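# Fold and contact review
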Amino acid sequence: MGAMTHPLPPEGPDEISARIRASLSGLPPAAQKVARLILDDPDHVAGSSMSSLEKEIGVSGASIVRAAKALGYAGYPQLRLALAAASGRGTPPDAVTGGVRRDDATADIIAKLAHAEQQAIRETAAHLDPAVVEAAAGALARANRILSFGVGASGLVAADLQQKLTRAGFICHSPADLHLGMTEAALLGAPAVAVIVSDSGETREALAVLEVAAEAGAVTIALTGAETSSLARAADYPLIAAGSERGPRPGALSSRIGQLLVVDCLFVALTHQDFASSDAALTTTRAVITSHRNARPHG
């Protein structure tokens, strides 16, 4: 008897989109075409026959079937059924979707960006593995030192994590310089932790710092948008954030929002594991800042 194919449980559009985005970089080029079309217009794919899809995007039927299987479905008919079923639980038809256009009014820009960032949060929450978050938080709770590193927009997310951890009493650094990042990574050892942020998971600097930290004996946590990326594969605990960036204008907008949600989830899970000391540190640091804010200027 052949192996049985177990159908995926019913999913909404957020779950399907999150899984597709997370696996996109690991798909063959032809399968990526299918996946991108699903992300762009899932209703269109749900209503398209295999032959019409072949002509539309210029891939073979075999490639379409492989794409469907790579995404967890038994074949293309099952993929179409899942997309059709998800459509009924999806975004209301009058919701503003799509990228920002050059001639959009400001009101449209606000609506489109709000929709994209809400979508990133929903997809991230749908795809984030609670067990991995809990395990990563446990590693942070045991750490004697923490390195939080990213470059560009990912560096801002790394700095946000550093600020939260410092307020909670953890020793955490977030160097903006690559050489400082590699220097600190080289000095990490068990039970230290390195948290590396990179949306693509292929940023050369991020991969270099993670490699150095791992060689030094630190636990490594990757915060990335691609679960099949080099960074995710190399890390002890890969945390996946959703968010699609297209073209130069929306760069690091929705992806950053997804990453910040992961940071918040990781931080709150950490404080739950080490509540007494974290709460005491947060109370102390809050009191110091409040006292400084309320103090009268000298002179």
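Scoring rules and cut-offs
Each chain has its residues counted from 1, following the order in which its sequence is written. Selection of residues for local features in this predicted model requires a pLDDT of at least 70, selection of side-chain atom pairs for listing and counting requires 80 or more, and totals for whole chains, interfaces and linings are taken over all residues. Neither water nor hydrogens contribute to the side-chain values; these are computed over all heavy atoms in the structure. To qualify as a helix, a DSSP run of H or I must reach at least 4 residues; to qualify as a strand, a run of E must reach at least 2; elements of each kind are numbered from the N terminus. It only takes one pair of heavy atoms within 4.5 Å for two residues to be counted as in contact. In short, Shrake-Rupley with a 1.4 Å probe defines the accessible areas, and a residue's cover is counted only from the protein chains shown. Whether two strands pair comes down to DSSP finding at least two bridges between them. In this analysis an axis means a line fitted to C-alpha atoms, helices contributing only their contacting stretch, and an angle means the value between N-to-C directions, from 0 to 180 degrees. Expected span of a helix: the number of residues minus one, times 1.5 Å. Residue exposure (1.4 Å probe, protein chains only): buried if accessible area is under 20% of the type maximum, exposed if over 50%, otherwise partly exposed. As used here, the arc belongs to the directions running from the helix axis to the C-beta atoms. Roughly parallel means an angle under 35 degrees; roughly antiparallel, over 145; roughly perpendicular, 65 to 115; everything else is oblique. We call a crossing left-handed when the near helix sits turned anticlockwise from the far one by less than a right angle, and right-handed when that turn is clockwise. Only Asp, Glu, Lys and Arg are considered charged in this grouping, and only Ala, Val, Leu, Ile, Met, Phe, Trp, Tyr, Cys and Pro are considered nonpolar; every other residue, Gly among them, is considered polar. Note on terminology: a nonpolar core comprises buried Ala, Val, Leu, Ile, Met, Phe, Trp, Tyr and Cys residues joined through side-chain atoms within 4.5 Å.

This part covers the overall build of the protein. The helix and strand inventory of the protein stands at 14 helices and five strands. Taking all contacts inside the protein whose residues are at least 6 apart in sequence as the whole, residues at least 24 apart take part in 69%. Element-wise, carbon and sulfur atoms account for 58% of the exposed surface of the protein, whose accessible area totals about 15,500 Å².

Comment: phi is negative for the bulk of residues other than glycine, and the bulk of peptide bonds are trans. Residue proline 191 is bonded to the preceding alanine 190 through a cis peptide linkage, with omega at 5°. Residue position: proline 191 is located in the loop between helix H10 (178–186) and strand S3 (193–197).

Next up on the list: the sheet that holds strand S4 (residues 219–224). A sheet is described by the order of its strands in space; here five strands give the open sequence S2-S1-S3-S4-S5, paired in parallel fashion. Of all the strands in the sheet, just strand S2 (172–173) and strand S5 (237–240) have a single pairing partner and so form its edges. With four bridges joining them, S4 and S5 adopt parallel strand pairing. In the strand pairing of S5, threonine 224 is matched with isoleucine 240. Contacts from helix H9 (residues 153–167) reach strand S1 (146–149), S2, S3 and S4 within the one sheet, and its direction differs from that of S1 by about 150°. Strands in contact with H10 are S1 and S2; relative to S1, the strand with the most contacts, it is inclined by about 150°.

Turning next to helix H7 (residues 106–127). The terminal C-alpha atoms of H7, which comprises 22 residues, lie 32 Å apart, in line with the 32 Å expected from a rise of 1.5 Å per residue. Where H7 is concerned, the buried positions are Lys112, His115, Gln119, Ala120, Glu123, Thr124 and His127. Down the axis, H7 shows its buried residues gathered within 165° of arc, on one side only. Summarising the geometry of H7, the exposed residues directed more than 90 degrees from the buried face are Thr106, Ala107, Ile110 and Ala125.

For helix H2 (residues 29–40), with 12 residues, the first-to-last C-alpha span of 16 Å sits near the 16 Å given by 1.5 Å per residue. Every buried residue of H2 is listed here: Ala31, Val34, Ala35, Leu37, Ile38 and Leu39.

Between helix H8 (residues 130–142) and helix H13 (residues 254–273), whose axes approach to 8 Å, the crossing angle comes to 60°. When the interaxial angle is binned, H8 and H13 end up oblique. Crossing handedness for the pair H8 and H13: right-handed. Contacts from Val133, Glu134, Ala136, Ala137, Gly138, Leu140 and Ala141 in H8 reach Cys265, Leu266, Ala269, Leu270 and Gln273 in H13. For the contact of H8 with H13, the residue count by class is nine nonpolar, two polar and one charged.

Moving on, we get to the environment of glutamine 32. If you trace the backbone, glutamine 32 turns up in helix H2. Through-space distance from the C-alpha of glutamine 32 to that of isoleucine 20 is 9.4 Å; in sequence the pair is 12 residues apart. If we skip the residues at most four places from it in the chain, glutamine 32 touches Leu24, Ser25 and Leu27.

Take the nonpolar core next. In terms of nonpolar packing, the biggest core is built from 29 residues, with Leu140, Ile146, Leu165 and Leu239 touching the most fellow members. Elements represented by at least two residues in this core include exactly H8, H9, S3, S4 and H13. Contact partners of leucine 140, with chain neighbours within four places excluded, come to Ile146, Phe170, Val193, Val195, Ile221, Leu266 and Leu270.

Worth remembering: the numbers are spatial, not functional.
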